[in-house]
Amino acid sequence: MNTMDELLNEVVPQEDLERFEKKYNHELELDGEVTTETKFEYSFCLVRSRYTNDIRKGIMILEELARTHPDGRRDYIYYLAFGNARIKEYTSGLKYCRAFLDIESNDQVRSLESEFQEYIKKQSDKEVAKGMAVAGGAALVLGGILGLGIAMAKNKQKREKK
């Protein structure tokens, strides 16, 4: 497994997710508002969850943070790229990756972006291949059913002629 696979497959410990969810909900109930720091901590855990719905929720919080808090935009955009890649939203992941590069461009970031793009391309190609295999399999099944139907119709015609 390469570095990008390891990074994207890292899962947050459940107790961390629960701790930050509790903190988030406590602030929300107490003040009706959640601090930027708590929103980020919670969304950071969510995008590293094993569950797609958690990752999507984390992405929504990060998008809101990126719009409303420009100071932390660099970190929010990084984890938006990360979260989108984890749920196989590769086009969005690349978009955020490029936005991150616009904010911070150095050799390490360019290398990471290049590795990320390569990973996304490889994963996208796999998804396309899977889709083609499924479509091909469906066509074979459909062709088989159609062929069976034609054979049965011919067989019925032969029996009726007798």
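See above for the structure.
By convention here, each chain's residues receive numbers from 1 onward along its written sequence. Only residues with pLDDT of 70 or above have their local features reported here, since the model is predicted, and side-chain atom pairs are shown and tallied only from 80 upward, although totals for entire chains, interfaces and linings are computed over all residues. Side-chain metrics rest on all non-hydrogen atoms present in the structure, leaving aside hydrogens and water.

1. Details of the overall build of the protein chain
Now for step 1: Only runs of H or I of at least four residues qualify as helices and only runs of E of at least two qualify as strands under DSSP, and these elements are numbered from the N terminus. A count of helices and strands for the protein chain gives seven helices and zero strands.
Now for step 2: Reading the secondary structure of the protein chain in the N-to-C direction produces α-α-α-α-α-α-α.
Now for step 3: Should any heavy atoms of two residues lie within 4.5 Å, those residues are considered in contact. A separation threshold of at least 6 residues defines the contact pool for the protein chain, and within that pool the share at least 24 residues apart is 53%.
Now for step 4: Each accessible area is a Shrake-Rupley estimate made with a 1.4 Å probe; only the visible protein chains count as cover when residues are assessed. Here the protein chain has roughly 10800 Å² of accessible surface; of this, 54% comes from carbon and sulfur atoms.

2. A look at the nonpolar core
One broad trend across soluble globular proteins is that nonpolar side chains are buried collectively.
Now for step 1: Only buried residues count toward a nonpolar core, which is a set of Ala, Val, Leu, Ile, Met, Phe, Trp, Tyr and Cys residues joined through side-chain atoms within 4.5 Å. Only protein chains enter the accessibility calculation, which uses a 1.4 Å probe; a residue whose area is less than 20% of its type maximum is buried, one above 50% is exposed, and one in between is partly exposed. With 33 residues, the main nonpolar core has Tyr-42 and Leu-62 as its most contacted residues.
Now for step 2: Residue assignment for this core shows that the elements contributing at least two residues are helix 2 (14–31), helix 3 (36–46), helix 4 (52–68), helix 5 (73–86), helix 6 (90–103) and helix 7 (107–161).
Now for step 3: It is helix 5 that provides the largest number of residues to this core, a total of seven residues.
Now for step 4: Ignoring anything within four residues of it in the chain, the contact list for Leu-62 reads Phe-40, Ser-43, Val-47, Tyr-76, Tyr-79 and Leu-80.

3. Points about the pattern of salt bridges
Now for step 1: Every case where a carboxyl oxygen of Asp or Glu lies within 4 Å of a side-chain nitrogen of Lys or Arg is listed as a salt bridge. For the structure on display, the rule yields five salt bridges.
Now for step 2: A salt bridge links Asp-16 to Arg-19; its shortest N-O distance comes to 2.7 Å. Of this pair, Asp-16 and Arg-19 both sit in helix 2, three residues apart, roughly one helical turn.
Now for step 3: The partly exposed category is assigned to Asp-16, whose relative accessible area is 22%.

4. Brief notes about the environment of Ile-55
Now for step 1: Along the chain, the position of Ile-55 falls in helix 4.
Now for step 2: With a relative accessible area of 3%, Ile-55 lands in the buried category.
Now for step 3: Sequence separation between Ile-55 and Arg-86 is 31 residues, and the spatial gap between their C-alpha atoms is 7.9 Å.
Now for step 4: Those residues in contact with Ile-55 that lie beyond four places of it in its chain are Leu-46, Val-47, Ser-49, Gly-83, Arg-86 and Ile-87.

5. Side note on the packing of helix 3 against helix 5
Now for step 1: Here, axes are lines fitted to C-alpha atoms. For helices the fit covers the stretch in contact, and angles between N-to-C directions go from 0 to 180 degrees. One way to put it is that helix 3 packs onto helix 5 with a least axis distance of 11 Å and a crossing angle of 20 degrees. With respect to helix 5, the element helix 3 is oriented roughly parallel. The interaxial crossing formed by helix 3 with helix 5 has left-handed handedness. The segment helix 3 lies against helix 5, with Thr-36, Phe-40 and Phe-44 engaging Asp-75, Tyr-76 and Tyr-79. An angle below 35 degrees is treated as roughly parallel, one above 145 as roughly antiparallel, one from 65 to 115 as roughly perpendicular, and anything else as oblique. A crossing counts as left-handed when the near helix is turned anticlockwise from the far one by less than a right angle, and as right-handed when that turn is clockwise.

6. Focus on helix 6
Now for step 1: Expected helix span is given by 1.5 Å per residue-to-residue step, counting one fewer step than there are residues. When the terminal C-alpha atoms of helix 6 are compared, their 20 Å separation across 14 residues agrees well with the 20 Å that a helix rising 1.5 Å per residue should span.
Now for step 2: Among all positions in helix 6, only Tyr-90, Gly-93, Leu-94, Tyr-96, Cys-97, Ala-99, Phe-100 and Leu-101 are buried.

7. Let's talk about the packing of aromatic side chains
A ring pair, where both rings are aromatic, is described by two values, the distance of the centres and the angle of the planes.
Now for step 1: Within 6.5 Å between ring centres, the rings of Phe, Tyr and Trp (the latter by its six-membered ring) count as paired, and their orientation is classed by plane angle as stacked under 30 degrees, edge-to-face over 60, tilted in between. Under the criterion given, the structure shown has seven aromatic pairs.
Now for step 2: Relative to Phe-44, the ring of Phe-40 has its centre 6.2 Å away and its plane inclined at 25 degrees; by these criteria the two rings are stacked. With Phe-40 and Phe-44 both in helix 3, this residue pair falls four residues apart, about one helical turn.
Now for step 3: What makes Phe-44 partly exposed here is its relative accessible area of 25%.
Now for step 4: Residues Tyr-78 and Tyr-79 carry aromatic rings whose centres are separated by 4.8 Å and whose planes lie at 90 degrees to one another, so their mutual orientation is edge-to-face.
Now for step 5: Residue classification places Tyr-79 among the buried positions, given a relative accessible area of 18%.
Now for step 6: In textbook terms, an aromatic cluster arises when at least three aromatic residues are bridged by ring pairs, as seen for Phe-40, Phe-44, Tyr-76, Tyr-78, Tyr-79 and Phe-82.
Now for step 7: The criterion for a charge sitting over a ring is simple: Lys NZ or Arg CZ within 6 Å of the ring centre, and within 35 degrees of the ring normal. Directly above the ring of Tyr-96 sits Lys-95, whose terminal nitrogen or CZ lies 4.7 Å from the centroid.

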